[in-house]
Amino acid sequence: MEQAPAFYYRIGIDPADIDFMGHVNNASYLKWVQEAVISHWRKIAPADAIAGHLWVALKHEITYRKPTFLDDDVIATVLLQKVQGARAFYETIIRRGEEVLAEVKSSWCCIDADTHRPARVARDVIERFFMPR
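The present account deals with the structure reproduced in this document. Just so you know, these numbers come straight off a predicted model, no measurement behind them.

Time to look at the overall build of the protein chain. Broken down by element type, the protein chain carries 3 helices and 5 strands. Reading the protein chain from its N end, one meets helices and strands in the order β-α-α-β-β-β-β-α. When its C-alpha atoms are laid out on the principal axes, the protein chain stretches across 45 × 30 × 25 Å. Restricting the contact set of the protein chain to residue pairs at least 6 apart, pairs at least 24 apart contribute 69%. As displayed, the protein chain has an accessible area near 7700 Å², and 51% of this comes from carbon and sulfur atoms. Here the protein chain contributes 17 positively and 18 negatively charged side chains, and the mean placements of these two sets differ by 6 Å.

Turning our eyes to something else, we now look at the packing of aromatic side chains. Inspection of every chain in the model, using the stated rule, returns 4 aromatic pairs. Each ring, one from Tyr29 and one from Trp32, has its centre 5.1 Å from the other, and the planes form 55°; the classification is tilted. Separated by 3 residues within a single helix, Tyr29 and Trp32 lie in helix H1 (residues 26-44), roughly one turn from each other. The same class applies to Tyr29 and to Trp32, which are both buried. Here Trp41 and Phe129 contribute two aromatic rings whose centre-to-centre distance is 5.7 Å and whose plane-to-plane angle is 5°, an arrangement assigned as stacked. With Trp41 in helix H1 and Phe129 in helix H3 (residues 123-129), the pair connects residues that are 88 residues apart, well separated along the chain.

Another aspect to go through is the nonpolar core. Among the nonpolar cores identified, the biggest contains 34 residues, and Ile11, Trp41, Trp55, Ile94 and Phe129 are the most heavily contacted of them. Listing elements by their share of this core, those giving two or more residues are strand E1 (7-11), H1, strand E3 (74-84), strand E4 (87-96), strand E5 (99-112) and H3. Among the elements that line this core, the one with the most residues is H1, at 8 residues. When near neighbours in sequence (up to four residues on either side) are disregarded, Trp41 contacts Ala49, Ile50, His53, Trp55, Val121, Val125 and Phe129.

This part takes up H1. Three- or four-residue spacings in an α-helix give side chains the same orientation, since the helix completes a turn every 3.6 residues. If you check H1, its first and last C-alpha atoms are 28 Å apart, about what 19 residues at 1.5 Å a residue would give, namely 27 Å. Within H1, burial applies to Ser28, Tyr29, Trp32, Val33, Ala36, Val37, Ile38, His40, Trp41 and Ile44.

A word on the environment of Ala16. Residue placement: Ala16 occurs in the loop between E1 and H1. Sequence separation between Ala16 and Val74 is 58 residues, and the spatial gap between their C-alpha atoms is 16 Å.

What follows concerns the sheet that holds E3. Spatially, 5 strands are ordered E1-E3-E4-E5-E2 in an open sheet, and the strand pairing comes out antiparallel. Where the open sheet ends on each side, the last strands, each with one partner, are E1 and strand E2 (53-64). Each adjacent strand pair in this sheet contributes to an overall mean axis angle of 25°, direction not counted. Judged from the 11 bridges that link them, E2 and E5 form a sheet pairing that is antiparallel. The partner of Lys59 across the bridge, within E5, is Ser107. Together, E1, E2, E3, E4 and E5 form the strand contacts of H1, whose direction differs from that of E2 by roughly 135°.

What counts and how
Residues numbered from 1 in each chain as written. Predicted model: local features only at pLDDT ≥ 70, side-chain atom pairs only at ≥ 80, totals over all residues. Heavy atoms only, no water. Helix = DSSP H or I, 4+ residues; strand = E, 2+ residues; numbered from the N terminus. Contact = heavy atoms within 4.5 Å. Areas by Shrake-Rupley, 256 points an atom, 1.4 Å probe, with all protein chains shown as cover. Lys, Arg positive; Asp, Glu negative; His and termini not counted. Charge placed at Lys NZ, Arg CZ, Asp CG, Glu CD. Phe/Tyr/Trp six-rings, centres within 6.5 Å; stacked < 30°, edge-to-face > 60°. Buried < 20%, exposed > 50% of the residue type's maximum accessible area, 1.4 Å probe, protein only. Core = buried A, V, L, I, M, F, W, Y, C linked by side-chain atoms within 4.5 Å. Expected span 1.5 Å × (residues − 1). Pairing = 2+ DSSP bridges. Axes fitted to C-alpha atoms, helices over the stretch in contact; angles between N-to-C directions.

In structure tokens, the structure reads:
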């Protein structure tokens, strides 16, 4: 399968995100990526798949490019690269206009909502993510 269509997620910057230097604390980027990826899942997956599966982050690799400030208008572009077994691999690019603020490569594990064990997502659900919208 090819890379899925981009999903755009508007980021709200909270005063609690701002650190002692007057810009967004690095830890806030992780929160944003989690919110964006989970929002992507909830937007496209059918209700029964959402109810039956949870996602946990396995790894984040973040490259910070420029600082982000409280009043910035920020968008996360979520790119699902592939799904392999119970894992999904994403790239999330955080931008202020055309400026790239951070790039995040992350891997996620799908778990069964009842057993909390790794679970594969049905092929027809995965295919929804790779269809043009």
